[in-house]
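Secondary and tertiary structure notes
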Amino acid sequence: MSSIKLLGISGSPRRGATAYAVQEALAYAETLGDVETEFISVRGREIKFCIHCDYCVRKKEGCVFEDDVAKMYPSMEEADAWLLGTPVYQGTVSGQLKAVLDRCRAIVARDIDALKDKVGAAIAVGGDRAGGQEPAIGAIHAFYLANKMIPVSGGPFGANLGGTIWSRDEGAEGAEADEVGMESVQATVRRLLKVTQAVRQGAR
């Protein structure tokens with residue numbers, strides 16, 4: 001069987017804790033088995049908002065906007081599993097990540113099963129320990145469910161909904177220092193790969 005293709009996306013417009021957490025998660029995944037990873041950051045990208053023009057529904061040729069989100073589509077479709085990371089903005093995901101997820105409508109408008117049975121997990125980074133990480137993860141899980149994907153967490157006792165990081169607003173150094181949070185990320189990665197492997201074996 002071929003390598004598991006794991007796509008990690010940092011939904012932060014900054015170079016800091018979220019990008020660090022996602023990249024560390026991908027590096028950890030590579031130590032666990034035959035895993036091929038790809039990292040994408042929204043930082044510095046041209047990201048247009050979905051305007052619900054229905055071009056994607058009518059044409060079934062992708063999105064009307066040919067920006068950096070459109071360039072992400074092949075990686076999204078080829079991946080077996082997704083790991084989405086977001087900073088917490090006002091108790092939910094960043095605007096940049098939300099825009100990317102909204103634009104995925106073009107993928108499923110062309111093929112309603114394009115994302116079916118891909119396994120997805122989430123990491124959320126907050127400046128406070130209880131800074132909205134779990135509601136942000138819930139928003140990502142809602143996206144997975146809406147698109148026939150399989151959301152997973154790291155499980156009870158530490159990673160109930162996914163990876164939750166307390167950065168103390170100290171960027172990558174703050175994320176690195178949060179040992180409990182990074183353990184929740186690792187637990188989430190382990191579960192993500194285990195479920196992905198099971199899905200792939202069941203599909204044979």
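Some remarks on the environment of Gly 95
Position of Gly 95 among the secondary structure elements: in helix α4 (residues 95-103). A relative accessible area of 39% places Gly 95 in the partly exposed class. Sequence separation of Gly 95 and Gly 126 is 31 residues, and the distance between their C-alpha atoms is 15 Å.

Focus: the pattern of salt bridges
Here the structure, examined in full by the defined rule, presents 9 salt bridges. The salt bridge partner of Asp 178 is Arg 129, with a shortest N-O separation of 2.9 Å. With Asp 178 in the loop between α7 (171-177) and α8 (179-202) and Arg 129 in the loop between β4 (119-126) and α6 (133-146), the pair connects residues that are 49 residues apart, well separated along the chain. Owing to a relative accessible area of 4%, Asp 178 belongs among the buried residues under this scheme.

Description of α8
Taking 1.5 Å of rise per residue, the 24 residues of α8 would be expected to cover 34 Å, and the 35 Å separating its terminal C-alpha atoms lies within 8% of that figure. Within α8, burial applies to Gly 181, Met 182, Ser 184, Val 185, Ala 187, Thr 188, Val 189, Leu 192, Leu 193, Val 195, Thr 196 and Arg 200.

Points about the nonpolar core
Residues Met 76, Trp 82 and Phe 143 are the most contacted members of the largest nonpolar core, which totals 36 residues. Looking at this core, the elements with two or more residues in it are β1 (4-10), α3 (68-78), β3 (81-87), α4, α5 (105-110), β4 and α6. At 5 residues, α6 tops the list of elements feeding residues into this core. If we ignore the near neighbours within four places in the chain, the residues touching Met 76 are Leu 7, Ile 9, Trp 82, Val 100, Cys 104, Ile 107, Leu 115 and Lys 118. One finds Tyr 28, Ile 165, Val 185 and Leu 192 within the second-largest nonpolar core, a separate group that totals 26 residues.

Criteria and cut-off values
- Residues numbered from 1 in each chain as written.
- Predicted model: local features only at pLDDT ≥ 70, side-chain atom pairs only at ≥ 80, totals over all residues.
- Heavy atoms only, no water.
- Helix = DSSP H or I, 4+ residues; strand = E, 2+ residues; numbered from the N terminus.
- Buried < 20%, exposed > 50% of the residue type's maximum accessible area, 1.4 Å probe, protein only.
- Salt bridge = Lys/Arg side-chain N within 4 Å of Asp/Glu carboxyl O.
- Expected span 1.5 Å × (residues − 1).
- Core = buried A, V, L, I, M, F, W, Y, C linked by side-chain atoms within 4.5 Å.
- Contact = heavy atoms within 4.5 Å.

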